[in-house]
Amino acid sequence: MTRPNDGDGDFSDHDLDDLPADYYAELEDNAIQATQAQTQHPTTKPVVPPSSDYGDDFDEEELEVVIDESRSTPAAISVFQRNPPVQPTPREQFRQQRYDTAGRPQTGLADRQRVTNNAPPRFSQSKVPAARFAVPQNDSIQAEQGSQSSFVVVDKDSGLEELQRQIQELHKERDALKSDLNAKTGEIAIVRSKQETDSKKFERELVAVRKLNEDKLAKLQKELEASRISEKNIAIERDFIRQDLTEESERVRRLNKSKAVEKTSGPAVTPKKKKTLPHRDGFDDDEIENLSPSRVSPSKFQRRLAGSPSRLGAKRKRKTVESPLSALDVQQEVDVSAPLPAAELVLDDAIIESLGSQDDRLDFLGTMLDHRIDRSHRRTIQELEKYSLPSKQDESFQSMILGKIPVLGFKKTQKDLPIDFCELLISLWSKCMEEKYYKPIYLLLDMLTLAVELKTTLIAPHITDSLVPLAQQTADLLVIPRFRGQLPEIEKYQYDINVSSCLAVLHIVALGCMPDRESMMRFWKLMRYDFVVSVLSPNHPVKDFEMMIRLLSTSIFKDSVGAIIGDGTDPNQILDAVLDRLTHHLVEVPLLPNSKDHMDLDILSNLRVKILQLLTSMTRSPIGSRAMAMHGLTIGRLVSLISDELDNLYDYRARHEESARIVSLGMRLVYHIVTKYDDEIDVQKKLSVIRGGSQKYLLCLSRLNFSEDNLVLESGIDSDVAGCALELLELVVTPEEGDAIHSAFSSQ
């Protein structure tokens, strides 16, 4: 018969009676010891106490974790909650009396209940923290036994805080290692990219050097072979000349000898053949006269016998050359290496100079008198017949010029005539400006331009002092009203004054002065900086703006750029004003003069290329390069220009080639300024003047660094631009950012 609350225990009373009296106490002690052993050795496999003879085995649900909230430390305990005592039956009272167990409350193992606190986790689950740490042997374990429950409380682990601290340190060390790993990875990626770029560059340079060496070697071999052939030909020609010289010397010697003989003996006579005569008495037969001497007059007889003695006792004189044969010729060796005697010629230096030079004065004057504005006009000299100065109405410009031509270059050298002619035209131009008579100026200016073009380096240095101020004064009649937007003044002079012609003749004179530094410095001392800045205004036509850019390209010196001011004005202020005007066209699309229409983009692209070329040439001058670095807008506007042109490239719009060229020129210019003055300028501050400057700068450098010239969208960009972008990118990003940029672009 089973008890009411015992679902598993179906034991007979006889078996219970046979058990010893202290068996129940022994079972309880074993359970407590097993619980203590499991608490002290949590890392080992829990010791399962032997099952009782009653068949009551403990489940995992009966092993719970009780969290001691007062100490905030979980402790592993084993709780066996017994059922509340019930009224003992008579048979149980008999057992208590028999085995003397009335003082101990008896409960069955199956009637024990679990006591939990806030539903702690089971020992079998992996999330039990108490099961992961070993409990020291000296920790206090409190066991409490009662009539209703029995539990064990484990104190806080003294090494838990130390373990938690070590875990935090390990986490920190892990984070530091991750950070170092990311940094090293980024550095490795950048170094690898740079190494690949350098290797490709080195290979290209090596191939170029090899090709250059091969070309040089082939050229040298050709030159060597040509020199050998030339040497052989020269040797052959020398032998021929030596032979000709020997023959000619021999001929001259014979000729001289024959002349000497003729001088001493007279002209040579052909000898007559002797006749055989019958008289062989030892005398010449022709000396015997058939006639008697008495029949011949004495004078005739004497002429007949010219060779006989004229008187008795006189000896007969023989001629120097009696034999019809000439003397034997004796050949003498002639020293070929000995120089021949040169003829002594005395020439005047003036004669030599006149022979070597060609007198082109008449050609110059003929060209000037034949000058025309165009084919539809008459000759300029004929057109000038219509005009005369207000102060001299009776004398036209034509008569003035023709009257001065006969005395031009009088008693002077040949080169002075063109200079004097140009000075004559400049003097007439100056008189027109003084009397405010502007109508014939365009004719004089056009003729003067042609004269300077014909003899640029000869004429330009000599007319600089008179021409440069006069050309600026004339151009001011239109430059100032255009700069200020004064339409009435513009309409007043636009038909008589041509600013483009004034700038063109100034540019030609500047080019003619470039071989001489002193002449070039004198030219730019005469140029006014306010005139230069005014012409760079967007209110002027594009051709005038471009001509001023060309003119400024001749003003780049080591210590100055542009107009030279000698009154103590800071040259940096002048350069700042010029840079403001030049860089304005890099970021803005200007309006056309006196119009609301914008400039055509094709024209603007060509203009930007010329501006970048001028800025690049200014980097040759230390003062010009430093002025661009210190200028507040130059770097920012260059970056904005590169960003816009890259967008045009990737959108594949028109003007693709111009955009690629602008990107190449702009990036080289930014690279030069930033790398040369990196310690003196704040790039981020320079970029802050434009909207999103830092982001545009970083994006442009990244795009150019990963650009490939074999792609359609990026074709036309020079190969060295990617290397410049990489170096600039390394200056502004950290290794981690560089690794992120590399990952972003390499994944595309």
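Residues numbered from 1 in each chain as written. Predicted model: local features only at pLDDT ≥ 70, side-chain atom pairs only at ≥ 80, totals over all residues. Heavy atoms only, no water.

(A) Seen up close, the overall build of the protein. Helices and strands together make up the secondary structure of the protein, namely 26 helices and four strands. Taking all 748 residues of the protein together, the buried fraction comes to 33%. A separation threshold of at least 6 residues defines the contact pool for the protein, and within that pool the share at least 24 residues apart is 72%. A total accessible area of about 48,300 Å² is found for the protein, and carbon and sulfur atoms account for 52% of it. (Helix = DSSP H or I, 4+ residues; strand = E, 2+ residues; numbered from the N terminus. Buried < 20%, exposed > 50% of the residue type's maximum accessible area, 1.4 Å probe, protein only. Contact = heavy atoms within 4.5 Å. Areas by Shrake-Rupley, 256 points an atom, 1.4 Å probe, with all protein chains shown as cover.)

(B) Summary view of the packing of helix H18 (residues 571-587) against helix H19 (residues 601-618). Where H18 meets H19, the closest approach of the two axes is 9 Å, and the angle between their N-to-C directions is 145°. In the crossing of H18 with H19, the sense of the turn from one axis to the other is left-handed. Where H18 abuts H19, its residues Leu575, Leu579, Leu582, His585, Leu586 and Val587 lie against Leu604, Leu607, Arg608, Ile611, Leu612, Leu614, Leu615 and Met618. By residue class, the composition of the contact of H18 with H19 is twelve nonpolar, one polar and one charged. (Axes fitted to C-alpha atoms, helices over the stretch in contact; angles between N-to-C directions. Left-handed = near helix turned anticlockwise from the far one by under 90°. Nonpolar A, V, L, I, M, F, W, Y, C, P; charged D, E, K, R; others polar.)

(C) Molecular detail of the confidence of the model for the protein. Looking at the protein as a whole, its pLDDT mean stands at 75, while 67% of the residues score no less than 70. Note on residues 1-9: pLDDT under 50 across the span, and eleven contacts to partners over four residues away in sequence or across chains. The low-confidence segment residues 331-347 (pLDDT under 50) makes nine contacts with residues lying over four places distant or belonging to another chain. (pLDDT = per-residue confidence, 0-100.)

(D) Region of the structure containing the nonpolar core. Counting 127 residues, the largest nonpolar core has Trp429, Phe523 and Trp524 as the members making the most contacts within it. Excluding anything up to four places from it in sequence, Trp524 contacts Val532, Leu551, Leu552, Thr554, Ser555, Phe557, Gly562, Ala563 and Ile564. (Core = buried A, V, L, I, M, F, W, Y, C linked by side-chain atoms within 4.5 Å.)

(E) Inspection of the packing of aromatic side chains at higher detail. Taken as a whole and judged by the stated rule, the model has three aromatic pairs. A ring pair is formed by Tyr438 and Tyr493, whose centres lie 5.8 Å apart and whose planes are at 75°; its orientation type is edge-to-face. With a gap of 55 residues between them, Tyr438 in the loop between helix H10 (416-434) and helix H11 (441-454) and Tyr493 in helix H13 (residues 487-493) connect regions that are remote in the sequence. Assigned by exposure class, Tyr438 and Tyr493 land together as buried. When the centroid spacing of 5.6 Å and the interplanar angle of 80° are considered together, the rings of Phe523 and Trp524 count as edge-to-face. The pair Phe523 / Trp524 is uniform in exposure class, with both members buried. (Phe/Tyr/Trp six-rings, centres within 6.5 Å; stacked < 30°, edge-to-face > 60°.)

(F) Inspection of H10 at higher detail. A rise of 1.5 Å per residue sets the reference length of H10, with its 19 residues, at 27 Å; its end C-alpha atoms lie 27 Å apart and thus fit the reference within 8%. Of the residues one or two after H10, Lys436 is the one with positive phi, at around 55°. (Expected span 1.5 Å × (residues − 1).)

(G) Quick look at a nonpolar patch on the surface. A grouping of Leu698, Leu731 and Val732 is seen on the molecular surface, where their side chains present a nonpolar patch of about 220 Å² in accessible area. Residue position: Leu731 is located in helix H25 (residues 720-732). (Patch = residues over 30% accessible without salt bridge, like charges linked within 9 Å, V, L, I, M, F, W, Y side chains within 5 Å. Salt bridge = Lys/Arg side-chain N within 4 Å of Asp/Glu carboxyl O.)

(H) Region of the structure containing the environment of Phe706. Looking at the element boundaries, Phe706 is found in the loop between helix H24 (693-705) and H25. Along the backbone, Phe706 and Ala722 are 16 residues apart, and their C-alpha atoms lie at a distance of 7.1 Å.

(I) Structural view of the pattern of salt bridges. Under the defined criterion, the tally for this structure stands at 23 salt bridges. Note that Glu730 and Lys194 form a salt bridge whose closest N and O atoms lie 4.0 Å from each other. Of the two residues, Glu730 sits in helix H25 while Lys194 sits in helix H4 (residues 160-265), which places them 536 residues apart along the sequence. Taking the relative accessible area as the measure of exposure, Glu730 reaches 30% and is therefore partly exposed. Residue classification places Lys194 among the partly exposed residues on the basis of a relative accessible area of 34%. Across the pair Asp559 and Arg517 runs a salt bridge, and its minimum N-O distance is 4.0 Å. Taken together, the residues span a long stretch of sequence, with Asp559 in the loop between helix H17 (542-552) and H18 and Arg517 in helix H15 (residues 517-526) at a distance of 42 residues. Residues joined in a network through salt bridges with shared partners are Glu162, Arg165 and Glu169.

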